[in-house]
Amino acid sequence: MIVVTGASGNVGRPLVEALALAGEKVTAVSRSPLRYDLPEGARHVRADLADPATLGPALDGADALFVLPAGELLGGSAPAVEVPAAAEEAGVRRVVLLSSQINGTRPEAASHVRLREFEEAVRSSGLDWTILRPGGFASNAYAWSETVRTRRTVIAPFADVALPVVDPADIAEVAAVALRGEGHSGRTYELTGPAAVTPREQAAALSEAIGEEVGYVELTREQAREHMARFMPEPVIEGTLDILGEPLPAEQRVSPDVEKVLGRPAGTFAGWARRNVHAFK
Ligand SMILES: NC(=O)c1ccc[n+]([C@@H]2O[C@H](COP(=O)([O-])OP(=O)(O)OC[C@H]3O[C@@H](n4cnc5c(N)ncnc54)[C@H](OP(=O)(O)O)[C@@H]3O)[C@@H](O)[C@H]2O)c1
């Protein structure tokens, strides 16, 4: 049995579906109820990674665990080692951690100190571990869905700065391979899309998917910071703006890892936009 935390999110949902499709028994873990129908072979357990004691019923009988640190967990102070320790105690053998590309490209970034603690915790555990370090997700474009729906406009900074955004479904497929198969233990994979695309090009891809013109209003860095302050902690805002506005060459580079693991090229932003067009119509 494989346990998937963050099962209600952009990576967790396709991961639950991919594992079940492959015939695995899956426990989908989230704090909130799931807003999709679980596939056959999957069950839902409510638990919170921020309180590893709640993971007990989910981990009972598990062989492998997908750890997705998110939300308050990234701002909190509960020792990261508690999660792999709970897994080991329950007899889990293998863990796959969703981290971030930034831990490779900006190892000192204040915004990612907690994710670095999680990386260290799984590396120093007795589990077989794999770390996934994705770049920016294609699904971050959901933040534009309301203004695209109501005004056919994307309102965002850094219109012409290109990044190789990755489809969360590809992250999920790589995670499924690492959770199920041999040969991925002790590996750290950097996951990107197949080409760097600018936000303006992403708006054009949405326009193509919808079949109607989508305009672009470019925010200044200061305007973007004000907007993000409504839902993000300060150090995370600055770190995010640095990457979106002034990416390092290593953050604009396409990584070969999705193709190496999956044996096919990574999906494009345009493909993600076509599959998710309902959110923008
Ligand atoms: N977005 C990006 O560009 C990007 C880039 C690199 C790395 N990442 C990493 O990927 C993670 C997810 O990305 P996302 O932004 O796309 O998020 P998301 O899909 O919206 O997922 C967040 C998920 O985490 C769960 N969650 C939140 N707090 C939790 C907790 N304390 N215990 C258990 N589950 C919790 C939520 O489910 P419930 O609330 O239902 O539990 C939700 O399903 C981020 O946290 C980040 O570490 C993201």
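In the block above lies the structure referred to throughout.
Residues numbered from 1 in each chain as written. Predicted model: local features only at pLDDT ≥ 70, side-chain atom pairs only at ≥ 80, totals over all residues.

Chemist: Please explain the site of the ligand as it appears in this structure.
Modeler: G9, S30, R31, A70 and G71 are the nearest of the 26 residues found near the ligand. Grouping the constituent residues of the shell around the ligand by class yields ten nonpolar, 13 polar and three charged. (Near = placed C-beta within 6 Å. Nonpolar A, V, L, I, M, F, W, Y, C, P; charged D, E, K, R; others polar.)

Chemist: Please explain helix α3 (residues 82-89) as it appears in this structure.
Modeler: Counting along an α-helix, one turn takes 3.6 residues, and residues three or four places apart therefore face a common direction. Three or more residues of α3 are buried, namely V83, P84 and A87. All buried residues of α3 lie within an arc of 90° about the axis, which places them on one face of the element. Next to the buried residues of α3 lie α2 (56-59), β4 (64-67), β5 (94-98) and α5 (113-123). Downstream of α3 by a residue or two, G91 has a phi angle that is positive, lying close to 90°. (Buried ≥ 20, exposed ≤ 12 C-beta atoms within 10 Å, placed from the backbone. Helix = DSSP H or I, 4+ residues; strand = E, 2+ residues; numbered from the N terminus. Arc of directions from axis to C-beta. Contact = placed C-beta atoms within 7 Å.)

Chemist: Could you clarify how one ought to interpret the packing of helix α1 (residues 12-21) against helix α7 (residues 168-180) in this entry?
Modeler: Two packed helices can be described by the angle between their axes and the distance between those axes. It is at 8 Å that the axes of α1 and α7 come closest, and there the two elements cross at 45°. As judged from the angle between their axes, α1 and α7 are oblique. Between α1 and α7 the crossing geometry is right-handed. On the side of α1, the interface is formed by P14, L15, A18 and L19, while α7 contributes P168, A169, A172, E173, A175, A176 and L179. By residue class, the composition of the contact of α1 with α7 is ten nonpolar, no polar and one charged. (Axes fitted to C-alpha atoms, helices over the stretch in contact; angles between N-to-C directions. Parallel < 35°, antiparallel > 145°, perpendicular 65-115°, else oblique. Left-handed = near helix turned anticlockwise from the far one by under 90°.)

Chemist: So what exactly am I meant to see when it comes to the packing of helix α9 (residues 221-228) against helix α10 (residues 234-245) here?
Modeler: Packing of α9 against α10 brings their axes to within 10 Å, and their N-to-C directions diverge by 140°. With respect to α10, the element α9 is oriented oblique. Relative to α10, the crossing made by α9 is right-handed. On the side of α9, the interface is formed by R221, A224, R225 and M228, while α10 contributes I237, L241 and G245.

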